[in-house]
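# Coordinates in review
For reference, the chains in residue letters:
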Amino acid sequence: MYESRILGLAYVTPFVIGLLVFTAFPFLASLGLSFTEYNLIERPYWVGLDNFEFMFFHDSLFWKSLSVTLAYVFITVPLKLAFALYIALILNFKLKGINLFRTGYYVPSILGGSVAIAVLWRYMFADFGVINLILGTVGIDPVPWFGDPGWALFTITLLRLWQFGSAMVIFLAALQNVPVSLYEAAMIDGARKWQAFFRITIPLITPVIFFNFIMQLVQAFQEFNGPYIITQGGPLKSTYLLPLYIYESAFRNFEMGYGAALAWVLFSIVMVLTIIAFVTSKYWVFYSGDKQS
Amino acid sequence: MRSIEQTAASAQAMAEVRKTERRQKINAVVRYVILAAVGFAMIYPLLWLIGASFKTNHEIFTEIGFIPMHPTLDGYIEGWKTSTEYTFGRFFINTFIILIPKVLATAFSSTLVAYGFARFDFPGKKILFSILIATLLLPNVVTRIPQYILFRELGWLDSYLPLWVPQMFAVDAFFVFMLIQFLRGIPRDMEEAAMIDGCKPFQVLLYIVIPMLKPAIISVCLFQFMWSMNDFLGPLIYISSVEKYPIALALKMSISATESFEWNRILSMTVLALTPSLAVFFLAQKYFIEGISTTGLKG
Amino acid sequence: MSEVILNQLEKVYPNGFKAVHGIDLDVRDGEFMVLIGPSGCSKSTTLRMVAGLESISGGEVRIGGRIVNNLPPYERGIAMVFQNYALYPHMKVHKNLSFGLRLARQPKDQIQDSVDYVSGILQIEELLDRLPKQLSGGQAQRVAVGRALIKKPEVFLFDEPLSNLDAKLRASMRIRITELHRQIKKEGLSSTVIYVTHDQTEAMTMGDRICVLRDGHIMQVDTPTRLYDYPSNAFVAGFLGSPEMNLKPASLVKHEGKPALRAGGFVLELPEEKQKCLENQAEGPVTLGIRPPFIDLADDDAEGPTVEGTIKFVEFMGHEVFIYFDLDGEEYAAVNRIENRARLLSLKGGERARFRFNMRRAHVFDKKTEQNLTLSNHV
């Protein structure tokens, strides 16, 4: 029965349809759109590379947005991963109440992407918000979290870091999968805790580190809710991540063509980074079953 | 009679043991301290939120503790009314009107497609599967604009259709992938036994495979529920009439609509907005953590 | 009638690998046929082609006279017992048993009667309300057998059903299955069985006939006794029978004008029937096959074909003694009863001793084709 090829295809049909209609076609269409100007009222008309020319040579907003996005990604992704791994290592112990902690850290990551939490963040860091209140109790002046470009980016970053739980849970599972007998053998071989960590633990969890890294990278580049609701991209566009610019171009200014062009630039950057990551993964990701020293 | 050497040796051994025990205890204490500190920092925002929703506005601006000195339901009552002609209840209902078809459609289509991939051999399977994995990594910024144009052509703007109809076609590759991984861990024996017992192919899926897939399907539903509750950009671009707003849009609207100092109204609605997710999570905890760990490891 | 005929049955995988090479097999009505062979010999593949779980690349399968190649499993009149039991985990035992009957929409009381009958025979009445995960290995296996039995199929197919059980359970289940077979035969029900295993004890004790497979080819099909006494090739000779037959290089020579064997420098005379078979065989290297029980520790003045070898080590097994000795670089095993206790126990490694070979029970195999050259009209 399983060799019945028609049946198999039948089951997979919904996916194929969805793929064509909602993924493949829009994917190609957006590429085409990026070479047009389209405001939804008149027909789209071809402008060739004009959108891109404007973007790269005349659009300072684009460059500002791009640099903010890159800063955001290159700060949050490593930090979040490192912190998640750190906490996972601490939790990887026969502690009582480990599940309680694990749950506690995980909850923010399932709530974190929501509007509700973004709203909360906005009120917490507002000038009269509780964070400044707390700082006040130790004698620090209120910080203009949303008034200062640097601090604004900081609050958004913090929101993302707050959601390290999901990455941590994956790390923890991977750590717990490392057979205890390996550590015991290492102990007998004379390795210290430190050495065991670097030479056994880390190599064995590199596939998971890689997986988490890619996931976080792709997600970070698409961050929208936080900046949009908390800072609206300000002040002075210091939190104006590319997804916000894309949204405003397409759905506020009704410049669909330009929005598509921006989207493609963002997509290309993510793709290039992902490919680089994949290619270089050969050198540092170790899959058990490989014969490597 | 123990010799002097023997007693000295055993005393030294005892000292060693005590030293190790002490070290282990310190180690554990340090861990607990770090975990507790981090844990507190993590939970504080939520605790403050809940407390603040019951505080008077004045208290919000002056006290940092989370237990309100003069608890009040004012925030909830006023917040519920919202500043539109609808109560927050309306927005809640809207959210569920979107959610339920979405979750059901996801469960349905993901199961079918996963079954096809996991159990059958068909031409182009390898390619399609690679594409499936590729879509996991695909940033969907790039498809959003044309999708909007497509739905506009279909006349689906300002309706809920764009928010759940695609799910009928297994567009969320993550769930298909999750079910495929789960299915790979189940031997085919029982399905073969069912075929021998007289099951037609679709009956095998219905009577045998789906019952065995139950925990995974539940995980899929739970995850989709959570993610959909958090969905903001989708409703933002497709829904324009206030009466159709889900909670996400309603909350956003409240920020601008509310007087600058009536914080407890927004905060209380925020608590309500988070409640379904929290409730579902705590009721079905194990499905979440296991679901994420399995896919994560096999990725 | 429910005989099973395999006619030039072939299996070729999409990557070109030919797993089953045109095998012919006749399983008689009511026969208990065992398919045995080393792993990878495609015995399970063959079984699954009969069941309809694996597609047939060539040849035909007939069940009760009908060609079933293109029929789905449930139209072939078969029932199967899987190695991992394959019980439906979400159904209680009685639902597991009745699933097939319910699908066929049999009337409720008829289903109930069948369930009662089967659970009585297999003594699983108290288990009817349990879920599979609450059953022990042996209980689960009995339920699996029950699920097959309840369908009253024409042919029962077993795919290594006892492999997952511990040794003791395996022994008792072996007996139980054999008794079950006899019982349903007596009741006049269809009782043709094809039973796949890699365990030769199961094969030798349960089978009416055994079909030995190797790499998708049939090596020999015969009753257990005849396979033991008259193996048609070296593979079958070495595969069946425990302890394993000694298969060692020797030379076919002429001794006093008659064919004889030379091993380790010693001449082994052959009995007349075997000499006749080897008359036209050219002299040269061959393979000598002789089972350990047929090599005796000989007294120095013993008659008959003897060799002298160096003892390597001796294993005392209680009622038997295993003697491993070296003959010109080849290690032979001999199994002797413990009559000669004192002498046997005094043997030491490194000692030279004489061994007598019972050449009536020996075989000579062609070195290249592995065929048994000393089978005449017995076969």
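Fair warning: this is a prediction, and the values are worked out from it, not measured in the lab. (Residues numbered from 1 in each chain as written. Chains lettered and ligands numbered in written order. Predicted model: local features only at pLDDT ≥ 70, side-chain atom pairs only at ≥ 80, totals over all residues.)

## Some remarks on the overall build of chain B
Defined as follows: Helical segments are the DSSP runs of H or I of at least four residues, strand segments are the runs of E of at least two, and each set is numbered from the N terminus. Note that the radius of gyration is over C-alpha atoms, with the globule rule given as 2.2 Å times the number of residues to the power 0.38. Counting other C-beta atoms within 10 Å of a residue's C-beta gives its exposure: the residue is buried at 20 or more, exposed at 12 or fewer, and partly exposed in between, where C-beta atoms are placed from the backbone.
Secondary structure assignment for chain B yields 14 helices and 0 strands. Secondary structure of chain B in N-to-C order comes out as α-α-α-α-α-α-α-α-α-α-α-α-α-α. In terms of C-alpha radius of gyration, chain B reaches 27 Å, well past the compact-globule figure of 19 Å for 299 residues. The principal-axis extent of the C-alpha atoms belonging to chain B is close to 95 × 70 × 35 Å. In chain B, which comprises 299 residues, the proportion classed as buried is 42%.

## Describing the domain arrangement of chain B
Residues and elements named next belong to chain B. Our working definition: Residue ranges assigned to each domain were obtained from an automatic or database domain assignment. For every residue pair, C-beta atoms are placed from the backbone, and the pair is scored as a contact if these atoms sit within 7 Å. Each residue is assigned to one class: nonpolar for Ala, Val, Leu, Ile, Met, Phe, Trp, Tyr, Cys and Pro, charged for Asp, Glu, Lys and Arg, and polar for all the others, Gly among them.
Considered domain by domain, chain B is made up of domain 1 (4-75) and domain 2 (82-298). Taking the mean C-alpha position of each, domain 1 and domain 2 sit 37 Å from one another. Across the boundary between the two partners, domain 1 contributes 10 residues, which contact 9 residues of domain 2. Looking at the side of domain 1 that touches domain 2, the element that brings in the most residues is helix 1 (residues 4-53), giving 4 residues. Residue composition of the side of domain 1 that touches domain 2, grouped by class: 4 nonpolar, 4 polar and 2 charged.

## With respect to the interface of chain A and chain B
Taken together, the 76 residues of chain A in the interface contact 70 residues of chain B. Residues of the side of chain A that touches chain B, tallied by class, amount to 59 nonpolar, 15 polar and 2 charged.

## Some points on the domain arrangement of chain C
Residues and elements named next belong to chain C. According to the domain assignment, chain C consists of domain 1 (4-229) and domain 2 (239-366). If you average the C-alpha positions of domain 1 and of domain 2, the two centres end up 40 Å apart. Facing the 5 residues of domain 1 at the interface are 4 residues of domain 2. Secondary structure elements with two or more residues in the side of domain 1 that touches domain 2: helix 6 (200-206) and helix 7 (224-229).

## Regarding helix 1 (residues 43-51) of chain C
Residues and elements named next belong to chain C. Among the 9 residues that make up helix 1, 7 are buried, leaving the element largely enclosed by the rest of the structure. Along helix 1, the residues classified as buried are Lys 43, Thr 46, Leu 47, Arg 48, Met 49, Val 50 and Ala 51. Residue Gly 52 follows helix 1 closely and has a positive phi angle near 100 degrees.

## Concerning the confidence of the model for chain C
To be explicit about the condition: Scored from 0 to 100, pLDDT records how confident the predictor is in each individual residue.
Overall, the predicted model of chain C reaches an average pLDDT of 90, with 98% of residues at or above 70. The ipTM value of the predicted complex is 0.87, and its pTM value is 0.84.

## Notes on the nonpolar core
How we decide: By definition, a nonpolar core groups buried Ala, Val, Leu, Ile, Met, Phe, Trp, Tyr and Cys residues that are joined through C-beta atoms within 7 Å.
A:Phe171, B:Val176, C:Leu157 and C:Ile194 are the most contacted members of the largest nonpolar core, which totals 254 residues. Broken down by element, the residue count for this core peaks at 13 residues, all from helix 4 (residues 88-119) of chain B. If sequence neighbours within four positions are ignored, C:Ile194 has contacts with C:Val4, C:Val27, C:Met33, C:Leu35, C:Leu47, C:Val50, C:Val155 and C:Leu157.

## What to know about the packing of helix 1 (residues 5-33) of chain A against helix 13 (residues 256-284) of chain A
Helix-helix packing: each pair is described by the crossing angle between the helix axes and the interaxial distance. All names here are of chain A. Put simply, the rule reads: Every angle, taken between N-to-C directions, lies between 0 and 180 degrees, and every axis is a line fitted to C-alpha atoms, over only the stretch in contact when it is a helix. Each angle receives one of four descriptions, namely roughly parallel if under 35 degrees, roughly antiparallel if over 145, roughly perpendicular if within 65 to 115, and oblique otherwise. Two helices cross in a left-handed way if the nearer one is turned anticlockwise from the farther one by less than a right angle. They cross in a right-handed way if the turn is clockwise.
Viewed as axis vectors pointing N to C, helix 1 and helix 13 meet at an angle of 115 degrees, and their least axial separation amounts to 7 Å. Here helix 1 is positioned roughly perpendicular relative to helix 13, judged by the angle of their axes. In this structure, helix 1 meets helix 13 at a crossing whose hand is left-handed. Along its contact with helix 1, which presents Ser 30, Leu 31 and Leu 33, the element helix 13 presents Met 256, Gly 257, Ala 260, Ala 263 and Trp 264. Partitioning the contact of helix 1 with helix 13 into residue classes produces 6 nonpolar, 2 polar and no charged.

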